[in-house]
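Structure assessment
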Amino acid sequence: MKSMYFWSPSVNFKIINGELRIERFNYGKKGAEFFPELYYYTQDGTELSELKERFPENKRAFLNNLIKDLIKKKILVNSILSPKELFYSQKKIFNDDHDEDMRFVKEKLEEFKLLQTERHVVTGDTSYILANTELPPIVEKRCSVREFSSDPVSYSDLSYILSCLKNKPADHTRYYPSAGGLATLDIYVHIKEGRVEGIDAGLYYYDPVLNSLVLADDGKMISSEAHYITNRDIYEGSAFTVYFVYNGQASMPKYGGMAYFYGIMECGIIISLLTAAGEKKGIGNCCIGDMYYEKILPCFKLKDDQVLLHSMEFGKKR
Ligand SMILES: Cc1cc2nc3c(=O)[nH]c(=O)nc-3n(C[C@H](O)[C@H](O)[C@H](O)COP(=O)(O)O)c2cc1C
């Protein structure tokens, strides 16, 4: 574990009526006694022991608890943020004059979707209507699959899909692009009991060098409980899940903070690749944008600067 702690760049604090408010948490007047100094000391990172010594001894008991809580709430952090933590602050800045109901009322959401998918961002007198050509079947037929056949996926079909992620035998490049060729995503695959022929249930790490699945954990902690209600049936019916983990160690030394952004792009590219390979074998998938990652994280045993980004549920099409 790294010992330097930083104030999360996504988090704001305020003092209102003498009380410390950090986002939606209220640390009262006692908390306010440490601000703004605690914020300044942690902006560029500090050891916890050093931080504590900066405040008078008679305040240390409260300070210890405060620091513990700030760490628990990911306000003080010692490794890179998850996408949720990193991006949620953007909502504040976004100029949102939309009807809030849109998120909760089905008809309003459909109306909103139609408006977005039919938008013309640029209009003008000069335009060319493109030829209405036939699309490649993989593109034409692809759609998200949320209900799967209960038939197990064969070993060879799973191999066909995942082998797209292996190292090329001739050199150490891959079959998909990545910033600087650093292939910064680590892939984990959760196989359900009896759902992939010849592979026992468990959470596996996909090793791209050996093109193998290596058991990382029994994966028993992974269940539909970790999913939002709307996604539970998709998870229940799938044969296996692919998890995408961004590994900061693989690309941040070269690209700094932008490496994280490139890693997210790489994730999208791999999603397309796995989808295309699956289409060839009648294996469908559904991307899962978000879930209660904290419920399954312990079984991944991730190192500092590895972050779970995304997952996809796979299974045979009906
Ligand atoms: C980043 C991302 C997150 C998604 N999250 C979910 C999800 O949580 N649940 C779900 O049912 N579909 C999810 N989807 C699938 C979209 O809902 C789907 O692609 C969209 O409705 C268009 O339908 P189609 O894929 O069948 O063309 C996600 C897709 C993407 C790319």
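Each remark here, short or long, concerns the structure printed above.
Near the ligand the following residues occur: Arg142, Cys143, Ser144, Arg146, Asn231, Ile234, Cys286, Cys287, Ile288, Gly289 and His310. Contact between the ligand and Arg142: an oxygen atom at 2.8 Å from a side-chain N or O atom of the residue. Cys287 places a polar main-chain atom, nitrogen or oxygen, 3.3 Å from a nitrogen atom of the ligand. Coverage of the ligand by the protein chains reaches 52% of its 630 Å² of free accessible surface. Here the shell around the ligand takes 3 residues from strand E11 (residues 283-288), the largest share from any one element. Class assignment for the residues of the shell around the ligand results in 5 nonpolar, 4 polar and 2 charged.

Let us now look at helix H9 (residues 155-162). Listed in full, the buried residues belonging to H9 are Asp157, Leu158, Ile161 and Leu162. Projected down its long axis, H9 shows its buried positions confined to an angular sector of 125°, all on one face. Elements in contact with the buried residues of H9: strand E7 (185-191), strand E8 (202-207), strand E9 (212-217), strand E10 (240-247), helix H12 (258-280) and E11.

Judged by pairing direction, the sheet is antiparallel, and its 3 strands sit side by side in the order E5-E1-E6 without closing on themselves. Of all the strands in the sheet, the pair left with one neighbour each is strand E5 (46-47) and strand E6 (76-77). Direction of pairing for strand E1 (residues 4-7) relative to E5: antiparallel, over a ladder of 2 bridges. Residue Met4 lies in a different strand from E5, and its bridge partner there is Glu47.

So, on to the side chain of Ser238. One can find Ser238 in the loop between helix H10 (232-237) and E10. A relative accessible area of 0% places Ser238 in the buried class. For Ser238, the side chain forms a polar contact with the side chain of Glu313, separated by 2.7 Å. With residues near it in sequence (within four places) discarded, Ser238 still touches Phe148, Lys192, Arg195, Glu313 and Phe314.

With that out of the way, let us pick up the packing of helix H11 (residues 248-255) against H12. Where H11 contacts H12, the axes come no closer than 8 Å and their chain directions differ by 130°. For the element pair H11 / H12, the angle class is oblique. Handedness of the crossing formed by H11 with H12: right-handed. Counting all contacts with H11, which are made through Ser251, Met252 and Tyr255, the residues of H12 involved are Met258, Ala259, Tyr260 and Tyr262. Of the residues assigned to the contact of H11 with H12, the class counts are 6 nonpolar, 1 polar and no charged.

Cut-off values and rules
- Residues numbered from 1 in each chain as written.
- Predicted model: local features only at pLDDT ≥ 70, side-chain atom pairs only at ≥ 80, totals over all residues.
- Heavy atoms only, no water.
- Near = heavy atom within 4 Å.
- Polar contact = N/O pair within 3.5 Å; in protein donor to acceptor, adjacent residues only side chain to side chain.
- Areas by Shrake-Rupley, 256 points an atom, 1.4 Å probe, with all protein chains shown as cover.
- Helix = DSSP H or I, 4+ residues; strand = E, 2+ residues; numbered from the N terminus.
- Nonpolar A, V, L, I, M, F, W, Y, C, P; charged D, E, K, R; others polar.
- Buried < 20%, exposed > 50% of the residue type's maximum accessible area, 1.4 Å probe, protein only.
- Arc of directions from axis to C-beta.
- Contact = heavy atoms within 4.5 Å.
- Pairing = 2+ DSSP bridges.
- Axes fitted to C-alpha atoms, helices over the stretch in contact; angles between N-to-C directions.
- Parallel < 35°, antiparallel > 145°, perpendicular 65-115°, else oblique.
- Left-handed = near helix turned anticlockwise from the far one by under 90°.

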